[in-house]
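# Descriptive structure summary
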Amino acid sequence: MKKLIAALVAMALLACGCALAEAETTDITVILDYIPNTNHTGMYVALDRGYYAEEGLNVQIIEPTEGATNTLVAVGKGQFGVAYQEDITMAHSLEEPLPIRAIAALIQHNTSGLVSWKGKNITSVKDFEGKTYAGWGGPGEEAVLRAVMEAEGLDFSKLNMVISDGNFAALEKDVDIMWFFEAWDMITCELNGFELNYLPVRELDERLDYYTPVIITNEDMIANHPDVVARFLKATRRGYMDAMADPDGCAAVLNKYAPDYTLEMLERSQEYLADKYMEDTDRWGEMKRSVWDNYTEFMLEYNLIPEMIDADLLYTNEFLPEAE
Amino acid sequence: MHPFPACAKAHAGFALLRSDRQVFSGLNMNRRSLYPALAMAALIVLWEILVRALGVPSYVLPAPTQVLKALYTDRAALLAHSAVTVGEALGGMGISLVCAILLGILMDASEGVKACVYPVLVVTQTVPMIVLSPILILYLGFGAAPKILTVVLMCFFPVVVSFADGMAQVDPNYVNLIRSYGGSALQVYTQVKIPYALPALFSGLKVAATYSISGAVVGEWVASQSGIGYYLLRVKNSYALDKMFASVLVIIALSLMMNGLIWIISRICLPYLNRKRGGNKK
């Protein structure tokens, strides 16, 4: 009987202890934009090395249903998410705007561009007429292609636009042009010995040097839990600092959470991104108003949005940790 | 007097019910379509009330009135994209029908063919589209071909299976009768087996018709530059949920139309189905 009482008391104490510990940590759900990749490494490192735990955050990183991240963060199903400047601007142009804001840029410059198979010898936008572009049906895609072609005095209607989820192998066949991320798709091609011609979009039009990807949160978090947002970014920054200092080590960490990729691929991608996360900035995650305004103006010019949107509604640097 | 009054009442009730059914069969028909219509309308009204009462944001779930508005304002685009999708669905259905008739006869004529082909057919129904899509793009490009093939992959199976089953269920005495009069194998099919299997074939076609539009939409998701599936992807990427739901309404309407089309054709090809019904009424 004594033993039983002792056991019960011990269990009760344990339960109290757990409850106390729970009160100190905050449950956080981060919703990615896509399958886990090297854009996300810093967050996985912060999770794996306990940086989030040190900030009292119990973080869970989940992959999204396609295209639902912004909506899920807007309604509070996740506190943080990974998104793109284009989508955030688009989401703010609705009659009922999504209450989301960017709080940190994961990569300072747009590292994406238009690619073609080397064998087709498409070396500049001048070669685009009569070709086929395969994309994902994003709102800004058509505008970007129209803009870069018209800047060269070309007829955009002569570019055949299709939506397709095919992979790079299609570039050898009916598809001529696709939009790739340097750190991911292009390294996949490289490892497969598939040679590409690459035109970085930011070199085609400086307004296209927008932030992709960024971390977002919702207005409820900004208004009611600013400390959580700041702690989350503090720990996240540490993860990305590690990724910059030790690309290969952090690629191995990512590989634990994304085991379907070869370590070689992740290392190559990580090495490429190491100096891109903080290119041209001293403070991790910082965003420039001019970058937001430029692309909003671009979207307005091409009728993607009905009116100009104040950049303050789209992003904030206020939660970023100071540079050390 | 009936020894069991309650039973007598029940009998009278049954009699009444039966005569009711005969006299008011028109009313029953109305009920059959009235009840689901009422239930559907009630659901839509409930949806509207809930969305408004709970203040659900339109980027989560648009109200039916918003969807109808989007359907109206975007009607020109929806119509143009629908035409493309319907064309693909009809093309796929046509190919499915021709192939199903040929393969169905082969399967019926030879157990060997049936044993070889049937498992393959089942397998085609289990391969997820996401696996096939890169291959479809590589070899068929972006025209109508990959969408039509997707429709065929989804529609061929129910048609061939129901047609082959229909022929397998022909009373062997009929076949023997034709044979005993010296009928050829061809005559066995044209005189007995195919006519007998037609109702089964049409059942299969009705199932296939319902799938055909979704099949074309899935094909458009693989690679496209027009069609309802293409429209759906574009508006989804722009957070235009009202337009997305509007395109779903269009998909539903088109699927029902395809189903109705098969029903009309079946009534034309099999007029005895109408006669049977008329006979019942008398």
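Residues numbered from 1 in each chain as written. Chains lettered and ligands numbered in written order. Predicted model: local features only at pLDDT ≥ 70, side-chain atom pairs only at ≥ 80, totals over all residues.

### A look at the interface of chain A and chain B
In this assembly, 23 residues from chain A lie in contact with 21 residues from chain B. Elements with a contribution of two residues or more to the side of chain A that touches chain B: α4 (69-74), α5 (85-92) and β7 (160-164) of chain A. For the side of chain A that touches chain B, the leading source of residues is β7(A), giving four residues. Residue classes in the side of chain A that touches chain B are distributed as twelve nonpolar, seven polar and four charged. Of the strand pairs in this sheet, β7(A) and strand β1 (residues 223-224) of chain B are connected by two bridges, and their pairing is antiparallel. Following the sheet pairing, S164(A) is matched in β1(B) by A223(B). (Contact = placed C-beta atoms within 7 Å. Helix = DSSP H or I, 4+ residues; strand = E, 2+ residues; numbered from the N terminus. Nonpolar A, V, L, I, M, F, W, Y, C, P; charged D, E, K, R; others polar. Pairing = 2+ DSSP bridges.)

### Regarding the pairing of strand β3 (residues 80-83) of chain A
All names here are of chain A. Taking every second residue as pointing to the same face, both faces of β3 are buried, with F80 and V82 on one and G81 and A83 on the other. Bridging between strand β1 (residues 26-31) and β3 involves two bridges; their strand directions are parallel. If you follow V30 over to β3, its bridge partner there is F80. Relative to strand β10 (residues 214-218), β3 runs antiparallel, the two being bridged by four bridges. Note that in β10 the partner of V82 across the bridge is I215. (Buried ≥ 20, exposed ≤ 12 C-beta atoms within 10 Å, placed from the backbone.)

### Structural notes on helix α6 (residues 139-151) of chain A
An α-helical segment advances 3.6 residues per turn. Residues three or four places apart therefore align on the same side. Turning to α6(A), its buried residues number three or more, namely P139(A), G140(A), V144(A), L145(A), A147(A), V148(A) and M149(A). Residues of α6(A) that are buried sit in contact with α5, β6 (132-135), α8 (201-204) and α13 (289-301) of chain A together with α10 (228-237) of chain B. Positive backbone phi, approximately 75°, marks G153(A), located one or two places after α6(A).

### Structural notes on the confidence of the model for chain A
Taken as a whole, chain A shows an average pLDDT of 90; of its residues, 92% reach a score of 70 or greater. The low-confidence segment residues 16-22 of chain A, where pLDDT is below 50, has zero contacts with residues more than four positions distant or belonging to other chains. (pLDDT = per-residue confidence, 0-100.)

### Regarding the packing of helix α3 (residues 64-73) of chain B against helix α11 (residues 241-269) of chain B
All names here are of chain B. Their axes nearest at 8 Å, the elements α3 and α11 cross at an angle of 75°. In terms of orientation, α3 and α11 fall into the roughly perpendicular class. Only D242, K243, F245, A246 and L249 of α11 make contact with α3, whose side of the interface consists of Q66, V67, K69, A70 and L71. (Axes fitted to C-alpha atoms, helices over the stretch in contact; angles between N-to-C directions. Parallel < 35°, antiparallel > 145°, perpendicular 65-115°, else oblique.)

### A closer look at the sheet that holds β1(B)
Read from one edge of the open sheet, three strands run β6(A)-β7(A)-β1(B), paired in mixed fashion. The two strands at the open ends of the sheet, each matched to only one other strand, are β6 of chain A together with β1 of chain B. Two strands pair when backbone bridges link them, and β6(A) and β7(A) are joined in this way by four bridges, in the parallel orientation. Looking at β7(A), one finds that G135(A) is bridged to I163(A).

### A word on unusual backbone geometry
Residue and element names in this part refer to chain A. For the peptide bond that leads from T212 to P213, omega is 5°, which places it in the cis range. Locating P213 in the fold gives a position in the loop between α8 and β10. A positive phi is found at D280, a non-glycine position, where the angle reads about 60°. In this structure, D280 sits in the loop between α12 (263-273) and α13. Unusually for a residue other than glycine, N303 sits at a positive phi of about 60°. Along the polypeptide, N303 turns up in the loop between α13 and α14 (311-314).

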